[in-house]
Amino acid sequence: MTTDGVDSTTVTRTCIGCRSRDDVTALVRLVATPGEAGTTVTPDPRRTMPGRGAHLHPDPRCLELARRRRAFGRALRVEGPLDLTLLDGVAGPRD
């Protein structure tokens, strides 16, 4: 623990949807996996897949914000169209 009361062992990341920082355990890691039909954004719940990762809250609002802002390509540093169909199950049902 540091002198300002913040635990320095806690790892934080920024959600690409709402842009707020949170503990890494509260976010879902996403990676870009290349395939024959194009690049697919894939959830990585174990945080073990190779490659650059991006993080997203498992909240439909954050997913919608990330889609609207086209944040996946920038965060994962991938160009071209991305298949986001695997992310629908990550965020849960919409309100």
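Residues numbered from 1 in each chain as written. Predicted model: local features only at pLDDT ≥ 70, side-chain atom pairs only at ≥ 80, totals over all residues. Heavy atoms only, no water.

S.K.: How should I be thinking about the overall build of the chain in this particular structure?
M.R.: If you tally the helices and strands in the chain, you get two helices and six strands. Start at the N end of the chain and walk to the C end: the helices and strands fall as β-β-β-β-β-α-α-β. Across the chain, every contact between residues at least 6 apart in sequence was considered, and the portion connecting residues at least 24 apart equals 54%. Just so you have it, the chain exposes about 6,300 Å², and 52% of that area is on carbon and sulfur atoms. (Helix = DSSP H or I, 4+ residues; strand = E, 2+ residues; numbered from the N terminus. Contact = heavy atoms within 4.5 Å. Areas by Shrake-Rupley, 256 points an atom, 1.4 Å probe, with all protein chains shown as cover.)

S.K.: Whenever I open this one, the nonpolar core confuses me. Can you help?
M.R.: Grouped together as the largest cluster of nonpolar side chains are 18 residues, with contacts concentrated most on Ile16, Leu30, Val41, Leu56, Phe72 and Leu87. Every element with two or more residues in this core is listed here: strand E3 (28–34), strand E5 (53–56), helix H1 (60–69) and helix H2 (71–76). For this core, the element with the highest residue contribution is H2, accounting for four residues. The contacts of valine 41, once residues within four sequence positions are left out, are Leu30, Val31, Phe72, Leu76, Leu82, Asp83, Leu84, Leu86 and Leu87. (Core = buried A, V, L, I, M, F, W, Y, C linked by side-chain atoms within 4.5 Å. Buried < 20%, exposed > 50% of the residue type's maximum accessible area, 1.4 Å probe, protein only.)

S.K.: What's the story with H1 in this structure? I'm lost.
M.R.: Since the α-helix packs 3.6 residues into each turn, any two residues three or four apart lie on the same face. Every buried residue of H1 is listed here: Pro60, Cys62, Leu63 and Ala66. Along the axis of H1, the buried residues cluster in a sector spanning 165°; they form a single face. The outward face of H1, more than 90 degrees from its buried face, is lined by the exposed residues Arg61 and Arg68. Tucked into the core, H1 has its buried residues touching E5 and H2. Measuring from the backbone nitrogen of arginine 61 back to the side-chain oxygen at the start of H1 gives 2.9 Å, which picks out aspartate 59 as the cap. Where H1 ends, the next residue or the one after it, arginine 70, has phi of about 55°, a positive value. (Arc of directions from axis to C-beta. Polar contact = N/O pair within 3.5 Å; in protein donor to acceptor, adjacent residues only side chain to side chain.)

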